[in-house]
Amino acid sequence: MAKLTPEEILRLSEPIEKVYSDTVDALLINMAKHFNSGYSLSTQEWEIRKLAELGQLNKESVEIIAGLTGQNPTLVQAALENAVYAATRDTEPELKKAVKEGHIAPPDIDNVIASKSVSQALKAYDVQALDKLNLVNTTMLESTLEQYRKVIVNTANIERQMQAAQDILNTQTGRVVAGTASRTEALRQALSQIHNEGITGFVDRSGRKWSPEAYVNMDIRTTVHNTAIEAVKLRQQDYGVEIFRVSRHSGARPLCYPYQGRYFSWNNTSGTFTDGEGKRHRYSPLSSTSYGKPAGLFGINCGHHPITVIPGVSIPRDRTEQDKEENDKAYAESQEQRRLEREVRYAKQKAAMLDAAGDKEGFAKEAARVKQKQVDYNAFCKQTGRTKRLDRTQVFEYNRDVAGRTRSALSKREISIGRSVGAKAANYDIVEPDTGEVFRFAEGTRIRDAHAFAGKGTKHPLHEGVAEGLSEQLGGKPENWRHMKGHGTIDYHGEERPAEVHWFEEETVGRVKFKIKRWEDEG
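Residues numbered from 1 in each chain as written. Predicted model: local features only at pLDDT ≥ 70, side-chain atom pairs only at ≥ 80, totals over all residues. Heavy atoms only, no water.

Caption draft 1: Region of interest: the nonpolar core. The biggest cluster of nonpolar side chains holds 65 residues, and the ones touching the most others in it are Phe35 and Val224. Contributing elements (two or more residues each) for this core: α1 (6–33), α3 (54–69), α4 (72–88), α6 (116–173), α7 (180–197), α8 (212–238) and α9 (324–356). Counting residues per element, this core draws most heavily on α6, at 14 residues. Residue contacts for valine 224: discarding those within four places in its chain leaves Leu4, Ile9, Leu12, Ala79, Leu80 and Ala83. (Core = buried A, V, L, I, M, F, W, Y, C linked by side-chain atoms within 4.5 Å. Buried < 20%, exposed > 50% of the residue type's maximum accessible area, 1.4 Å probe, protein only. Helix = DSSP H or I, 4+ residues; strand = E, 2+ residues; numbered from the N terminus. Contact = heavy atoms within 4.5 Å.)

Caption draft 2: Representation of unusual backbone geometry within the structure. A positive phi angle is found at aspartate 449, which is not glycine, with a value near 55 degrees. In this structure, aspartate 449 sits in strand β11 (residues 446–455). Exposure remark for aspartate 449: the relative accessible area of 27% places this residue in the partly exposed category. Of note, histidine 493 is a non-glycine position whose phi angle comes to about 55 degrees, a positive value. With respect to the helices, strands and loops of the structure, histidine 493 is situated in the loop between β12 (482–492) and β13 (495–506).

Caption draft 3: Just the environment of proline 258, in detail. Topologically, proline 258 is positioned in the loop between β3 (243–246) and β4 (263–265). On the basis of relative accessibility, which here comes to 39%, the residue proline 258 falls in the partly exposed class. For the pair proline 258 and threonine 289, spaced 31 residues apart in sequence, the C-alpha to C-alpha distance is 8.6 Å.

Caption draft 4: Main features of the packing of aromatic side chains. This structure, assessed with the given rule, holds 19 aromatic pairs. Note on phenylalanine 202 and tyrosine 215: the rings are 4.0 Å apart at their centroids and 15 degrees apart in plane angle, and the pair reads as stacked. Of the two residues, phenylalanine 202 is situated in strand β1 (residues 202–203) and tyrosine 215 in helix α8; the sequence distance between them amounts to 13 residues. Taken individually, phenylalanine 202 and tyrosine 215 each receive the classification buried, so the pair is uniform in this respect. Taking the centre distance of 5.1 Å and the plane angle of 70 degrees together, the rings of tyrosine 263 and phenylalanine 273 count as edge-to-face. Here the residue tyrosine 263 occupies a position in strand β4, and phenylalanine 273 occupies one in strand β5 (residues 271–274), the gap between them amounting to 10 residues. The ring of tryptophan 210 has arginine 208 lying over it, and the distance from NZ or CZ to the ring centre is 3.9 Å. Over the ring of tryptophan 519 we find arginine 497; its NZ or CZ atom is 4.1 Å from the centre of that ring. (Phe/Tyr/Trp six-rings, centres within 6.5 Å; stacked < 30°, edge-to-face > 60°. Lys NZ or Arg CZ within 6 Å of the ring centre and 35° of its normal.)

Structure representation (structure tokens):
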């Protein structure tokens, strides 16, 4: 058997995983669209209105799932057939050569896929895989509706808590604040929670919830692996060859280690055979091994594979895994690359959700995360020399319009100054350089047109030593610091004054060292 490497198995399962990634994107973003209305309603009226939309959401979700997963049968068939071809690409020529030399009888059918036994196995694995995917589809729909209800309940609860706190503040200060901002903030928190939880595609026996793409990835990889093993077994039997040898590799699992390098038979017989050099070897029944157990021989994530043995022809060799260290490194790098790709996708997914819900401020904040995740991904690919797979960072419905507004939000965005019981924590000290006085932003205002003009993400570096000094004093990485500016409203001894303000910021430290560059009412 030509061993299917973990990376090859991952590649074969990738198209089906992509279907479910796209489906989850579409379900979450469509759900968020239902919350882009009703901001003028009271909390109770809003709850009733949104619950009334549940039937429409159900209909839309069914259409999304049916539309995007309709290609499953074709994709599953392609993955399994490719697994068969890949698994038999080395053994098939050896078997044909043995037939030509008269050592074994030819099979009834020459083509591997057309083999009756292989074809039947393919159909069985195909049906099994599609049944599991249909179960995922059902669970996804139920989870989408459950998460929608949760957003409604959580938003209402958060909004009531915020309003209760605001009522206390209003009583103490005599101020009255409109509720639109609290609805937006409450909805943002609720949507963020749902985004973190995601859509459930499968719940296992232990109660663990799997995301659709994670479960489908695991299940299809397992099915591809099992199909490859079964294809080798059945194709050997087509030629009347029953004996195989278990491959060797370092770090074998306890349930596999005792069988490395030993000979077994697919038909569970025992005896001896003579190899191509005239040496005798003993073989045992496959049933005497851990075969069939999840963590056993040829089980889930097992690194072993069967090596076809043709009596009188095959010459056993203790072959070491070719370039094992290099293969392990490549696989580890591929896993890290996929992790970074998922982080880019998740950031885009959340940005698209907030955009669909009409939350401009939340969208702007998430746009910054998208950019940072892309920077991290690009740096990793450059460092390792791996090819960027931008197709794996795409988010369904994250079209050019959304991406363009993400870049716009990144370059010029607004920063809200809180107005609540905890408003002071969301405000900043601002130094007036000429007098040394310290002011703060007027509560409930915004820093407008906030953007970086030097440092990370710009064409201009910070002045020499500035980034290093900031990191030494406040933390963060020197290369992540940037110099920002924007236009804000300052609480100037009880009056509001417009000013251009500058500050520094770093993603793990936050915004620091605000200063007034100029008073804008002075011309």
